[in-house]
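Structural characterization, general
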Amino acid sequence: MTEVDGWIQERNLRSFMELLSHYVDCEFEATDWETVARAVVKTDDGQASGWYVYPLAGDRRGIEVRLARSVGSEEVSVAVNGPLTTELEIRADTLLSAFATDNAAAQVC
């Protein structure tokens, strides 16, 4: 099991989840987003038990995304766990880097 972790701007969370889901051949629909959005509000990355875990299961692979807000800021800590291929590991790391930026132009709508 491999883990890729980092943080992103909270406003980029939906785009991050949608793209990551695409990479594991998993549909991330409006109801998935509603579930994640509601759950993340109650998280705190300063607490070991304050993280939310969301599974992304595609036809060929499944991963787990752990999420927690950095209370008092606009950042969300993210950890992607599972049997990550080298390609998926690179893609997850690239998404984390891209969505950590404050640059609004980097957001995917």
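An account of the accompanying structure is given in this report.

1. Let's talk about the environment of L96
- As for its position among the elements, L96 is in helix α3 (residues 86–99).
- When the C-alpha positions of L96 and V4 are compared, they lie 8.9 Å apart, and in sequence the two are 92 residues distant.
- When neighbours within four sequence positions are excluded, L96 is seen to be in contact with V4, D5, G6, W7, I8, F16 and V78.

2. With respect to the environment of F99
- Considering the arrangement of structural elements, one finds F99 in helix α3.
- The class for F99 is buried, based on a relative accessible area of 2%.

3. Some remarks on the pairing of strand β3 (residues 62–69)
- Where strand β2 (residues 52–57) meets β3, six bridges bridge the pair, whose relative direction is antiparallel. In the sheet register, V53 faces β3, and the bridge partner there is R66.
- Between β2 and β3, which pair antiparallel and follow one another directly, the connecting turn spans four residues.
- Note: β3 against strand β4 (residues 75–82), six bridges, orientation antiparallel. If you follow V65 over to β4, its bridge partner there is V80.

Scoring rules and cut-offs
- Residues numbered from 1 in each chain as written.
- Predicted model: local features only at pLDDT ≥ 70, side-chain atom pairs only at ≥ 80, totals over all residues.
- Heavy atoms only, no water.
- Helix = DSSP H or I, 4+ residues; strand = E, 2+ residues; numbered from the N terminus.
- Contact = heavy atoms within 4.5 Å.
- Buried < 20%, exposed > 50% of the residue type's maximum accessible area, 1.4 Å probe, protein only.
- Pairing = 2+ DSSP bridges.

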